[in-house]
Amino acid sequence: MRRRAVLGTWLLAPGASTGLITLHQGPGAPFPSPSATGVGRTVSFPEVGAVVAVEMADTPEARAIGLGGHAPLEDGQGMLFSFPTRGRFPFWMKGMTFAIDILWLDTTPAGDGSLVVVHVAAEVAPDPPGTPDADRAIYAPGPDTLASHVLEVPAGWAAAWGVLVGAAASVE
């Protein structure tokens, strides 16, 4: 019987002081993990010509696992967290071993399913091993900024592609 370790990017419920449990079978799990859905989908940023192949984290289980156990993301890879309702969706880096950019996306008023970047946390580094939960940094948009999706990509990706707040996006 294998032991499970607590690792990964953790999603914190609004107002919560602890994250969801993130479980995996060991470091270096292949991309993507079998618990996620929608493998083969992409997030496109047409204004800059960027396309990210994403693993969808659109179930509570997949959102809890996140990138836990993954090897570092390659350029053009990411994980898209899709939520049934809009919210702030704070994240922390408990157990992560590589840095990422975190982009919060929301639906546009047009109602056509298109998205817009509403907040970016760039070059988010993992916490040092042994960091107490109370000392971990929390990454989230401001109190008045809501999102329907969160995209995690390799650190530096947003700056390299010029993806800023206000950039249009679509999920295909």
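These figures come from a predicted structure and were not determined experimentally.

A.B. asks: What is the right way to read the overall build of the protein chain from this model?
C.D. replies: Each helix and strand in the protein chain was counted, giving two helices and 11 strands. Counting helices and strands in the order they occur from the N terminus, the protein chain gives β-β-β-β-β-α-β-β-β-β-β-α-β. Looking at the protein chain residue by residue over its 172 residues, the buried ones come to 44%. A fraction of 70% describes how many contacts in the protein chain between residues 6 or more apart in sequence connect residues 24 or more apart. In the form shown here, the protein chain has an accessible surface area of approximately 8,300 Å², with 59% of it arising from carbon and sulfur atoms.

A.B. asks: Would you take a moment to explain the pairing of strand 5 (residues 50–57) for this structure?
C.D. replies: Regular strands place their side chains on alternate faces of the sheet. The element strand 5 is extensively covered by neighbouring structure, given that six of its eight residues are classed as buried. Bridge analysis of strand 5 against strand 6 (residues 77–87) gives five bridges, and the strand direction is parallel. The residue of strand 6 that forms the bridge with Ala53 is Gln77.

A.B. asks: In this structure, what is going on with the nonpolar core? I would like to understand it.
C.D. replies: Nonpolar side chains in soluble globular proteins tend to end up buried together. Leu67, Phe81, Phe91, Ile102, Trp104 and Val150 are the most contacted members of the largest nonpolar core, which has 19 residues in total. Listing elements by their share of this core, those giving two or more residues are strand 6, strand 8 (100–107), strand 9 (115–124) and strand 10 (147–154). The contact partners of Ile102, leaving out residues within four places of it in the chain, are Phe91, His119, Val120, Ala121, Val124, Tyr139, Val150, Leu151 and Glu152. One finds Phe45, Ala50, Met56 and Val117 within the second-largest nonpolar core, a separate group that totals 18 residues.

Criteria and thresholds
- Residues numbered from 1 in each chain as written.
- Predicted model: local features only at pLDDT ≥ 70, side-chain atom pairs only at ≥ 80, totals over all residues.
- Heavy atoms only, no water.
- Helix = DSSP H or I, 4+ residues; strand = E, 2+ residues; numbered from the N terminus.
- Buried < 20%, exposed > 50% of the residue type's maximum accessible area, 1.4 Å probe, protein only.
- Contact = heavy atoms within 4.5 Å.
- Areas by Shrake-Rupley, 256 points an atom, 1.4 Å probe, with all protein chains shown as cover.
- Pairing = 2+ DSSP bridges.
- Core = buried A, V, L, I, M, F, W, Y, C linked by side-chain atoms within 4.5 Å.

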